[in-house]
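# Commentary on secondary and tertiary structure
Listed below, chain by chain, are the residues.
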Amino acid sequence: MERIVEQTLLYDFYGELLTDHQKKVYEDVVFNDLSLSEAAEEHGISRQGVHDLIRRCSRTLQNYEEKLGLVEKFLKTQEKVREIHRLTQEFLETGSRELILQIEELSGEISRL
């Protein structure tokens with residue numbers, strides 16, 4: 001997965017578990033594209049402090065994912081929904097009853113995630 005997409009998903013799912021200070025610095029560097037120096041000046045800490053905080057936050061967010069797996073479940077669900085959509089379109093074109101069984105199976109898989 002592309003690094004920025006991964007960081008965004010991890011932050012979307014677990015960002016609220018960071019402190020307000022961590023969130024502000026992380027958002028400035030990762031999402032607002034501030035340099036370490038700019039973020040350091042903005043938040044009154046050293047450039048090294050910003051660097052360490054970003055690494056620590058990234059590690060923390062990754063640890064939450066390893067323990068909870070919410071991003072992985074989300075991505076699997078998203079993939080299955082796309083497949084259901086594709087099968088539904090195919091069913092509308094062909095009327096094949098076998099496709100309904102596949103759609104039901106995928107729906108069951110989603111509910112078990």
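What you see as residue numbers is a count from 1 along each chain, following the sequence as written. Selection of residues for local features in this predicted model requires a pLDDT of at least 70, selection of side-chain atom pairs for listing and counting requires 80 or more, and totals for whole chains, interfaces and linings are taken over all residues. Computation of side-chain values covers all heavy atoms of the structure but excludes hydrogens and water.

Moving on, we get to the overall build of the protein. Numbering of helices and strands runs from the N terminus; a helix is a DSSP stretch of H or I covering at least four residues, while a strand is a stretch of E covering at least two. Helix and strand content of the protein: 6 helices and 0 strands. Judged by the C-alpha coordinates and their principal axes, the protein covers about 65 × 25 × 20 Å. Accessibility here uses a 1.4 Å probe with only protein chains present; expressed as a share of the type maximum, an area under 20% marks a residue as buried, one over 50% as exposed, and anything in between as partly exposed. For the protein, the proportion of its 113 residues judged to be buried stands at 29%. We call two residues in contact when some of their heavy atoms are within 4.5 Å. Nonlocal contacts in the protein, meaning residues at least 24 apart in sequence, comprise 54% of its contacts between residues at least 6 apart.

Moving on, we come to the packing of aromatic side chains. Working definition: a ring pair exists when centres of Phe, Tyr or Trp rings (six-membered ring for Trp) sit within 6.5 Å. Plane angles under 30 degrees give stacked, over 60 give edge-to-face, the rest tilted. Across all of its chains, the model carries 6 aromatic pairs by this definition. Relative to Y26, the ring of Y11 has its centre 5.5 Å away and its plane inclined at 15°; by these criteria the two rings are stacked. Taken together, the residues span a long stretch of sequence, with Y11 in helix α1 (residues 3–14) and Y26 in helix α2 (residues 20–31) at a distance of 15 residues. A single burial state applies to Y11 and to Y26, both of which are buried.

On to helix α6 (residues 97–112), then. Given a rise of 1.5 Å per residue, 16 residues ought to cover 22 Å, and the 23 Å separating the end C-alpha atoms of α6 matches this to within 8%. All of the buried residues along α6 are L99, I103, L106 and G108. To estimate the expected span of a helix, subtract one from its residue number and multiply by 1.5 Å.

What follows covers the packing of α1 against helix α5 (residues 70–94). Comment: axis = line fitted to C-alpha atoms, over the contacting stretch for helices; angle = value between 0 and 180 degrees taken between N-to-C directions. Contact geometry for α1 and α5: axes closest at 9 Å, N-to-C directions at 110°. Between α1 and α5, the crossing angle belongs to the class labelled roughly perpendicular. Crossing angle aside, the handedness with which α1 passes α5 is right-handed. Contacts between α1 and α5 involve L9, L10, F13 and Y14 from the former and L70, V71, F74 and L75 from the latter. When residue character is reported, Ala, Val, Leu, Ile, Met, Phe, Trp, Tyr, Cys and Pro are called nonpolar, Asp, Glu, Lys and Arg charged, and the others, Gly included, polar. Residues of the contact of α1 with α5, tallied by class, amount to 8 nonpolar, no polar and no charged. Each angle receives one of four descriptions, namely roughly parallel if under 35 degrees, roughly antiparallel if over 145, roughly perpendicular if within 65 to 115, and oblique otherwise. Here a crossing is taken to be left-handed if its near helix is turned anticlockwise relative to the far helix by less than a right angle, and right-handed if that turn runs clockwise.

Judged by nonpolar contacts, the single largest core of 18 residues is most densely connected at Y26, V29, V50, I54 and L61. Contributing elements (two or more residues each) for this core: α1, α2, α3 (36–43) and α4 (47–68). With 5 residues, the single largest contributor to this core is α4. In contact with L61, other than residues within four places in its own chain, are L10, Y11, Y14, G15, L18 and Y26. I84, L87, I103 and L106 belong to the second largest nonpolar core, which has 5 residues in total. We call a set of buried Ala, Val, Leu, Ile, Met, Phe, Trp, Tyr and Cys residues a nonpolar core when their side-chain atoms join them within 4.5 Å.

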